[in-house]
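Each chain is listed here by its residues.
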Amino acid sequence: MGEVVEDTPTTNTPPPPGISPAVSAPPMQSQYNSPSLSRKPLLLVDTATANKTPNSRTPNFITPLGSPLRKAIQLTKLDPHDAWLPITESRNGNAYYAAFHTLCSGIGIQALVLPVSFTILGWTWGIISLTIAFIWQLYTLGLLVKLHESTETGMRYSRYLQLFSATFGEKMGNIFAAFPIMYLSGGTCVALIIIGGSTSKLFYQIVCGEGCTAKPLTTVEWYLVFTCGAVLLSQLPNLNSIAGVSLVGAVTAIGYCTMMWLVSVTEGRLDGVSYDPVRPKPDTNIAWFFSILNALGIIAFAFRGHNLTLEIQATMPSSEKKPSHKPMWIGVKVAYLIIAMCIFPLAIAGYWAYGHKIPPNGGMLTAIYQFHGRDTSQAILAVTSLLVIINAMSSFQIYGMPMFDDMESKYTKRKNQPCPWWLRSIFRAMFGYGCFFVAVAIPFLGSLAGLVGGVAIPVTFAYPCFMWLKIKKPKKYSPMWYLNWGLGLSGVVLSAILIAAGVYVVIDTGVEVSFFKPQ
């Protein structure tokens, strides 16, 4: 994977131009040989080599980790490109930053439709399915954290696609992993523009009131307003620098999830609520089967962020005595404890309050305005909308970061120099307004979300198990061998049937194709 050679004296060179200042960690976190302090991704730095520019043939996106081999050669040559890219430019991260990023990427608007799955599965199977999915995805996330750094090869895999390609080959990575990972980044950013723009329009209507005489903006114009704000915020240089943004995104997500289920419980159950599983129309066995698959898909899609786990961990310093997986796992456990405290009450309280009447489009967000728009304080509705907008804009930053990193990596590999600040700004503006164009041009993209989303399911539920089997090579027929094969194959089967369900829904209900006409 990467070549490890001894270091030889070289002349001192100034740090590459165009590098933005590193982000300092909170005072409680000690900086253990943080490579960002020397502007290069070294894990071990001494005074004799502090200003040297690495020169090696190590593949891009791979950085070394202290290993037994390190003891023999003392130092490892590194690829200098990693010090120029936004994901690995700064390695000042810590458990706090990991928790912020994981919370912001792991909880979002998709959790608001969880009560819809309960209308099909019912109380018992709804709670069981949600619990199994939560434990399953937390287990696969733990596998990714452990696979980030290898003591055998002395490598750090700083990106999901790089780990997959290093495990199964570049060709397999391009076929099975590249599209799902790019969809989870770019597609999520498109969805965030639609959600943020639509909620901005709703927020304006609530604040302005019924007697407002000001001419409202159109839906497209609200999309553009939201996109401008997201592009402006995206100018922060690297993943560590948006830790504060992720904290704001995490707090707002917790805020609107909590407010929604509290309002639902406070206002009480609606009259005539039923908890009997909703039967599809026409009530055939095939329709019933695919409605169950749709409910399972809603639960599976509620968990996201695995495509960012390795990238988040790559922002941390790592050494033989203090590997990065320890603080990363601490941050992940704290984040998912909070996520569980949000999504389980949201799903249970939402289904209790609205039962079969929960709107299938929008879930809790639509239900709050539809059923409590008049008897709930307008201030509460306005704050809820504002929290959704802020969370969408914050999430845009962390989901867009892999795309920014990919665009800049093409420039650094070609020019062998860091991307200048003005070109970095252009790249990020191009991506942001490109997502805006897709949101406006293809507003029916949400109708295909189940179909396309099924392709991305293995990134969360299957691929980590297969990569662990390939890299760690557990004893054949051992409990861990059976567990990972079982979960991995189950994830692939789940992906296949969700894709089939998506095709069925598109064929059965049709898709209203309306280019450049967002609602």
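S.K.: Got a minute to help me understand the overall build of the protein chain in this structure?
M.R.: Along its length, the protein chain carries 16 helices and 3 strands. Within the protein chain, the fraction of its 519 residues that count as buried is 53%. Put simply, 82% of the contacts in the protein chain that link residues at least 6 apart link residues at least 24 apart.

S.K.: Any chance you could explain unusual backbone geometry here in plain terms?
M.R.: Negative phi values dominate among residues other than glycine, just as trans dominates among peptide bonds. Even without glycine at this site, K473 takes up a positive phi of about 50°. Topologically, K473 is positioned in the loop between α15 (463–472) and α16 (479–509). On the basis of relative accessible area, K473 is assigned to the exposed category, the value being 62%.

S.K.: Sorry if this is basic, but what is going on with a nonpolar patch on the surface here?
M.R.: A grouping of W421, W422, I426 and M430 is seen on the molecular surface, where their side chains present a nonpolar patch of about 510 Å² in accessible area. Along the polypeptide, M430 turns up in helix α13 (residues 421–441). Given a relative accessible area of 53%, M430 falls into the exposed group.

S.K.: I keep staring at the nonpolar core and nothing clicks. Help me out?
M.R.: Core analysis: the largest hydrophobic core is formed by 83 residues, its most contacted members being L112, Y256 and M260. Ranked by the residues each element gives to this core, the list is headed by helix α10 (residues 325–354), at 14 residues. The next biggest cluster of nonpolar side chains, apart from the first, holds 29 residues, and it includes M155, L184, A462 and W481.

S.K.: I would appreciate a short explanation of the pattern of salt bridges in the present structure.
M.R.: Between side chains of opposite charge, a pair can form when the charged atoms approach closely. Inspection of every chain in the model, using the stated rule, returns 7 salt bridges. In this structure, D82 and R159 form a salt bridge, with 3.8 Å as the shortest nitrogen-oxygen distance. Taken as a pair, D82 in the loop between α1 (68–73) and α2 (95–106) and R159 in the loop between β3 (155–157) and α4 (160–168) lie far apart in primary sequence, 77 residues in all. As far as the burial class goes, D82 and R159 line up, both buried. Note that R424 and E408 form a salt bridge whose closest N and O atoms lie 3.0 Å from each other. With R424 in helix α13 and E408 in helix α12 (residues 378–415), this residue pair connects regions lying 16 residues apart in the sequence. Like E408, R424 is buried.

S.K.: Would you explain the packing of α12 against α13 in this entry?
M.R.: Relative orientation and spacing of two packed helices are given, respectively, by the angle between their axes and the distance between those axes. Where α12 contacts α13, the two axes come as close as 10 Å, and the packing angle between them is 125°. Taken together, the axis directions place α12 and α13 in an arrangement best described as oblique. Note that α12 runs across α13; the crossing there is right-handed. Packed against α12, whose contacting residues are F396, G400, M401, M403, F404, M407, E408 and Y411, the element α13 presents L423, R424, F427, R428, F431 and G432 at the interface. By residue class, the composition of the contact of α12 with α13 is 9 nonpolar, 2 polar and 3 charged.

S.K.: Please explain the packing of aromatic side chains as it appears in this structure.
M.R.: Any aromatic ring pair is given by two values, namely how distant the centres are and how the planes are angled relative to each other. If you walk through the whole model with that rule in mind, you get 22 aromatic pairs. Note on F118 and W123: the rings are 6.4 Å apart at their centroids and 90° apart in plane angle, and the pair reads as edge-to-face. What makes F118 buried here is its relative accessible area of 0%. Measuring from centroid to centroid gives 5.5 Å for F289 and F290, while their planes differ by 70°, and the two rings are edge-to-face. The exposure class of F289 is partly exposed, given its relative accessible area of 44%. Owing to a relative accessible area of 14%, F290 belongs among the buried residues under this scheme. Following the ring pairs from residue to residue traces out a cluster consisting of F466, Y477, W481, Y482 and W485.

S.K.: Honestly, empty space enclosed by the protein in this entry has me stumped. Any pointers?
M.R.: Take a probe with the size of a water molecule and roll it over the atoms, and the empty space left behind shows itself. Taken as a whole, this structure holds 5 cavities of 30 Å³ or more when the rule is applied. Reported here for the second largest cavity is a volume of approximately 50 Å³. Around the second largest cavity, the lining residues are T102, S105, L141, R304, G305, H306, T309, I312, M328, V332 and Y336. In terms of residues, the lining of the second largest cavity owes the most to one element, α10, which gives 3 residues.

S.K.: Explanation requested: the packing of helix α5 (residues 170–208) against α13 in the structure shown.
M.R.: The contact between α5 and α13 brings their axes to 9 Å, and the two run at 65°. As far as their axial angle goes, α13 and α5 are roughly perpendicular. Judged by the sense of rotation from one axis to the other, the crossing of α5 with α13 is right-handed. Packed against α5, whose contacting residues are G186, C189, V190, I193 and I194, the element α13 presents F431, G432, C435, F436, V438 and A439 at the interface. Of the residues that constitute the contact of α5 with α13, the class distribution is 9 nonpolar, 2 polar and no charged.

S.K.: In this structure, what is going on with helix α6 (residues 219–233)? I would like to understand it.
M.R.: Because the α-helix completes a turn every 3.6 residues, residues three or four places apart line up on one side. With 15 residues, α6 should reach 21 Å at 1.5 Å per residue; the first-to-last C-alpha distance of 21 Å fits that figure. Where α6 is concerned, the buried positions are T219, W222, Y223, F226, T227, A230 and V231.

S.K.: Please explain the state of the cysteines as it appears in this structure.
M.R.: Covalently bonding the sulfur atom of one cysteine to the sulfur atom of another cysteine gives a disulfide. With the rule as written, the count across this model stands at 0 disulfides. Cysteine C342 shares no disulfide, and the gap to the nearest cysteine sulfur, in C257, comes to 5.2 Å. With relative accessibility at 3%, the residue C342 sits in the buried group.

S.K.: Explain α13 to me, please; I cannot follow it from the model alone.
M.R.: Over its 21 residues, α13 runs 30 Å from end to end, which matches the ideal 30 Å to within 8%, given 1.5 Å per residue. Regarding α13, the residues found buried are L423, R424, F427, R428, F431, G432, C435, F436, A439, V440 and A441. On its buried face, α13 is in contact with α5, α6 and α12.

S.K.: Can you help me understand the side chain of S200 in this one?
M.R.: Take S200: it is sitting in helix α5. Given the relative accessible area of 9%, S200 is considered buried. Only 2.6 Å separates the side chain of S200 from the backbone oxygen of G196, close enough to count as a polar contact. With near-sequence residues (within four places) excluded, S200 lies in contact with W222 and I389.

S.K.: Looking at this structure, how should I read the environment of V225?
M.R.: Assignment of secondary structure puts V225 in helix α6. Distance in space between the C-alpha atoms of V225 and S200 is 8.8 Å, their sequence separation being 25 residues.

Conventions we followed
Residues numbered from 1 in each chain as written. Predicted model: local features only at pLDDT ≥ 70, side-chain atom pairs only at ≥ 80, totals over all residues. Heavy atoms only, no water. Helix = DSSP H or I, 4+ residues; strand = E, 2+ residues; numbered from the N terminus. Buried < 20%, exposed > 50% of the residue type's maximum accessible area, 1.4 Å probe, protein only. Contact = heavy atoms within 4.5 Å. Patch = residues over 30% accessible without salt bridge, like charges linked within 9 Å, V, L, I, M, F, W, Y side chains within 5 Å. Areas by Shrake-Rupley, 256 points an atom, 1.4 Å probe, with all protein chains shown as cover. Salt bridge = Lys/Arg side-chain N within 4 Å of Asp/Glu carboxyl O. Core = buried A, V, L, I, M, F, W, Y, C linked by side-chain atoms within 4.5 Å. Axes fitted to C-alpha atoms, helices over the stretch in contact; angles between N-to-C directions. Parallel < 35°, antiparallel > 145°, perpendicular 65-115°, else oblique. Left-handed = near helix turned anticlockwise from the far one by under 90°. Nonpolar A, V, L, I, M, F, W, Y, C, P; charged D, E, K, R; others polar. Phe/Tyr/Trp six-rings, centres within 6.5 Å; stacked < 30°, edge-to-face > 60°. 1 Å grid on protein atoms, 1.4 Å probe; cavity = no way out; pocket = protein on both sides within 12 Å on 5 of 7 lines; lining within 4 Å. Points joined across faces, edges and corners; volume = space filled by probe spheres on them. Expected span 1.5 Å × (residues − 1). Disulfide = S-S within 2.5 Å. Polar contact = N/O pair within 3.5 Å; in protein donor to acceptor, adjacent residues only side chain to side chain.

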